Protein chains: 2
Amino acid sequence: MTRAQAAPLPPGATVGILGGGQLGRMLAMAAARLGLRAHVFDPDPAAPALAVAAARTTAGWGEGGALAAFAAAVDVATYEFENIPVAALDAVAARVPVRPGRRSLAVSQDRVDEKTFLAGLGLATAPFAAVDVADDLPAAMAATGLPAVLKTRRLGYDGRGQARIDTTAEAAAKLAAIGGGPAILEGFVAFEREVSVIAARGLSGAVVAYDPGENVHEGGILRRTMVPARLPPGTRAEAVLIAGRILSALDHVGVMGVELFVTPGGLLVNEIAPRVHNSGHWTEAACVIDQFEQHIRAVAGWPLGDGRRHSDAAMTNLIGAEVERALELARDPALRLHLYGKAEVRPGRKMGHATRRLGPAAE
Amino acid sequence: MTRAQAAPLPPGATVGILGGGQLGRMLAMAAARLGLRAHVFDPDPAAPALAVAAARTTAGWGEGGALAAFAAAVDVATYEFENIPVAALDAVAARVPVRPGRRSLAVSQDRVDEKTFLAGLGLATAPFAAVDVADDLPAAMAATGLPAVLKTRRLGYDGRGQARIDTTAEAAAKLAAIGGGPAILEGFVAFEREVSVIAARGLSGAVVAYDPGENVHEGGILRRTMVPARLPPGTRAEAVLIAGRILSALDHVGVMGVELFVTPGGLLVNEIAPRVHNSGHWTEAACVIDQFEQHIRAVAGWPLGDGRRHSDAAMTNLIGAEVERALELARDPALRLHLYGKAEVRPGRKMGHATRRLGPAAE
């Protein structure tokens, strides 16, 4: 990145957003609040972010011409999810800065690369082993112990592409069930709770983090995040430091979600996401500058917010048909409701979230 | 209004917004947060709200076909400013509910009708008299005393179309300078401060108000609003009650801004605006449900927020070239910045605002 590129984008400039789901939608609105134009690229003409975007491209990830035209129309590009093909990112990056960069994307796309990267930083993770083919299973199970979880190396999210293995006998069938590999086998971690740190790194290299949130998953999908997490102060600080090390090692620019397991032996890194994160939606109701604006600020080369929260909060996802309760939830004046405008309700689909303001944060 | 129309709009429905300035822009984003689609109508293809709207109509207020097509495409309509021709509103209202209704609009459009309406409710206002032609001036000045302010009856905003009269001799020339009439002459009020109440009335008739803000104007334009206003508790309650009486008398549905003068003799009503109001922008940084969402909730027949604030705040407008300070202001992490995405900077033009969170509200 040259110094010239590091100048902050002026109001009126255009931020390109690859991916038009709910995260892209909330990023587009944050950009608008800063006087920036959002140009959203998504293959789906019904993608929720298109309804709040100043400009829209509907095209596939493999359409080089559309990607080039998108890149020519924006001043900087970012992405809202990590499963964008790296080739698409490279096509855009050939013409315009893409933040976060390809290394953040590449490491997050592959569970083996991700865990190898984290271990290389000296950070603790669950025991893991690559399983390219069924023949790799015995050695992998010896390395992780059982029970363990078999996951696709790539393209998994919200618990999809995963299978639990309790006995060696069932391993080959479970691998076949998730597509036959390449996969990763991860040992079970006896964790007390899961927390996540939403951190941001600016163009200057400065890292800022929100206080860790405590997450509850159900069926592999985030159900609830509470802030503050129930953590001793030392552990809270350690969680933030771990996140900072990861962002700096990747030369990351933007927001990143870092999921951590709290175990009797200390913190383990579960997963990283090089983008705004569902477990950071609470910031919208509890911080002057929320994670979406923080990401846009980082990507645009603006100064970052300080991550402070003014309120304690609990965010609950509205999944599938739960969105039909929205009008009932709207009766509660302490709830900040956020619906994503998705036309089709499907089981397991994130349709919105509601953040309850619990009271003032200890200041 | 029939009972059938009073059912709340479901997520996915479309809210039509007449007017695409910054207020329409913030209303469109609030609608999106509730899963509603915003369709913005504005004559100006560069209107700021168009950049965040799901659907857009660029047409003039006199284009019946465009208004009819707009009305057919939306489930309910609202407006972001009071200078929309009543005929345009009627064209839309013939096909779809318009909230607030035409009475709120008509009363707010004409300063004589507005003051006459307020006086009819038994509310105190500045002394005033209609000045249709120059011959009306002597009696008007006798009624109001001097100095007084001559204002156009219609279409004034941000201090435009106003002239101060200090002597009877200059009255006729001042009237000519603001267009010759019809006008209103308003007596000077020796006020200690100006406050405003942002109140909302739902379809059910329930009225909810935010705490009064204290306003500072410069050159006829709002410069700053601070919450809480420096008011004794009894006066604060009286201000909210006055607002409630006005909204109920108009059968108003939506948010209304009520500007009041605090005088040694009590509260006088200065002006009402049948829409979200610049002096309510602080709610965005200090309330779970801000004035924009509150208005959309009212218009959509949803339950209203309770108007409570979690923080004290001070909102400052960025006017004209002041917007060039945006990146400098962005360094302050206690400021919530909101820029309107207006391409052209003009003196006196509202380009954005910044709300400083001062600390937790007394709860």
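Residues numbered from 1 in each chain as written. Chains lettered and ligands numbered in written order. Predicted model: local features only at pLDDT ≥ 70, side-chain atom pairs only at ≥ 80, totals over all residues. Heavy atoms only, no water.

Observations concerning the interface of chain A and chain B
Opposite the 37 residues of chain A that make contact, chain B presents 37 residues. In total, about 3,500 Å² of surface goes out of reach between chain A and chain B, with carbon and sulfur atoms giving 60% of it. Contact with chain B buries area across many residues of chain A, yet Arg 33, Val 288 and Leu 327 of chain A alone supply 18% of it, more than any other trio. Counting the contacts that link chain A with chain B gives zero salt bridges. Across the contact surface, chain A and chain B share 10 residue pairs in polar contact (both at pLDDT 80 or more). Going through the elements one at a time, helix 1 (22–33), strand 16 (335–339) and strand 17 (350–360) of chain A are the ones with two or more residues in the side of chain A that touches chain B. (Contact = heavy atoms within 4.5 Å. Buried area = accessible area lost by both parts, 1.4 Å probe. Salt bridge = Lys/Arg side-chain N within 4 Å of Asp/Glu carboxyl O. Polar contact = N/O pair within 3.5 Å; in protein donor to acceptor, adjacent residues only side chain to side chain. Helix = DSSP H or I, 4+ residues; strand = E, 2+ residues; numbered from the N terminus.)

Describing the side chain of Lys 151 of chain A
All names here are of chain A. Residue position: Lys 151 is located in strand 6 (residues 148–152). Judged by relative accessible area, which is 8%, Lys 151 ranks as buried. A distance of 2.9 Å separates the side chain of Lys 151 from the side chain of Glu 186, its partner in a polar contact. With residues near it in sequence (within four places) discarded, Lys 151 still touches Arg 111, Gly 161, Gln 162, Ile 178, Ala 183, Ile 184 and Glu 186. (Buried < 20%, exposed > 50% of the residue type's maximum accessible area, 1.4 Å probe, protein only.)

Some thoughts on the pattern of salt bridges
All names here are of chain A. All told, the structure shown has 50 salt bridges over all chains when counted by the stated rule. Two residues, Arg 111 and Glu 271, come together in a salt bridge whose shortest N-O distance is 3.3 Å. Here the residue Arg 111 occupies a position in helix 5 (residues 111–120), and Glu 271 occupies one in strand 14 (residues 266–273), the gap between them amounting to 160 residues. Between Arg 223 and Glu 322 there is a salt bridge whose closest N-O contact spans 2.8 Å. In this pair, Arg 223 is assigned in strand 12 (residues 221–227) and Glu 322 in the loop between strand 15 (311–319) and helix 11 (326–329), connecting sequence segments 99 residues apart. If you follow the salt bridges from partner to partner, you end up with Arg 33, Asp 290, Glu 293 and Arg 297 in one network.

Brief notes about the sheet that holds strand 6 of chain A
Residue and element names in this part refer to chain A. Taken in spatial order, the four strands of this open sheet run 5-8-6-7, and their pairing is antiparallel. Only two strands of the sheet have a single neighbouring strand rather than two, namely strand 5 (128–131) and strand 7 (162–165). Neighbour-to-neighbour, the strand axes of this sheet turn through a mean angle of 25 degrees, independent of strand direction. Here four bridges tie strand 5 to strand 8 (residues 183–187), and the two strands are oriented antiparallel to one another. (Pairing = 2+ DSSP bridges. Axes fitted to C-alpha atoms, helices over the stretch in contact; angles between N-to-C directions.)

Here we look at helix 8 (residues 233–249) of chain B
At 3.6 residues per turn, the α-helix brings residues three or four places apart onto the same side. Residue and element names in this part refer to chain B. Here helix 8 spans 25 Å end to end across 17 residues, near enough to the 24 Å set by a 1.5 Å rise per residue. All of the buried residues along helix 8 are Thr 235, Ala 239, Ile 242, Ala 243, Gly 244, Ile 246 and Leu 247. As for helix 8, its buried residues are in contact with helix 5 (111–120), strand 9 (193–201), strand 10 (207–209), strand 13 (254–263) and strand 14 (266–273). The first or second residue beyond helix 8 is Asp 251, which carries a positive phi of 50 degrees. (Expected span 1.5 Å × (residues − 1).)

So, the relation of the copies chain A and chain B
Least-squares fitting of chain A to chain B yields an RMSD of 0.0 Å, with the superposition described by an axial translation of 0.0 Å and a rotation of 180 degrees. A rotation of that kind, with that shift, is consistent with a two-fold axis. For chain A, the residue whose C-alpha comes nearest the rotation axis is Val 52 of chain A, separated from it by 2.1 Å. A shared binding surface is used by both copies, with 100% of the interface residues of chain A retained as interface residues in chain B. (Least-squares fit on C-alpha atoms with pLDDT ≥ 70 in both.)

Concerning the pairing of strand 7 of chain A
Residue and element names in this part refer to chain A. The side-chain alternation of strand 7 yields one buried face, formed by Ala 163 and Ile 165, and one unburied face, formed by Gln 162 and Arg 164. Note: strand 6 against strand 7, four bridges, orientation antiparallel. Residue pairing across strands places Val 149 opposite Arg 164, the latter belonging to strand 7.

Some points on the pairing of strand 1 (residues 14–18) of chain A
Residue and element names in this part refer to chain A. The element strand 1 is largely enclosed, with a buried count of five among its five residues. Here strand 1 pairs with strand 2 (residues 37–42) via five bridges, running parallel. In the sheet register, Val 15 faces strand 2, and the bridge partner there is Ala 38. For the handedness criterion, the β-α-β arrangement of strand 1, helix 1 and strand 2 is classed as right-handed. Where strand 1 lies against strand 4 (residues 76–79), four bridges are found, and the strand directions are parallel. Following the sheet pairing, Gly 16 is matched in strand 4 by Ala 77. (Right-handed = clockwise from strand over helix to strand, strands pointing away.)

Observations regarding the confidence of the model for chain A
Detailed reading of the predicted coordinates is not advisable wherever pLDDT is low. The predicted model of chain A has a mean per-residue pLDDT of 95, with 97% of residues at 70 or higher. In the predicted complex, the global pTM is 0.96; the interface-specific ipTM is 0.95. (pLDDT = per-residue confidence, 0-100.)

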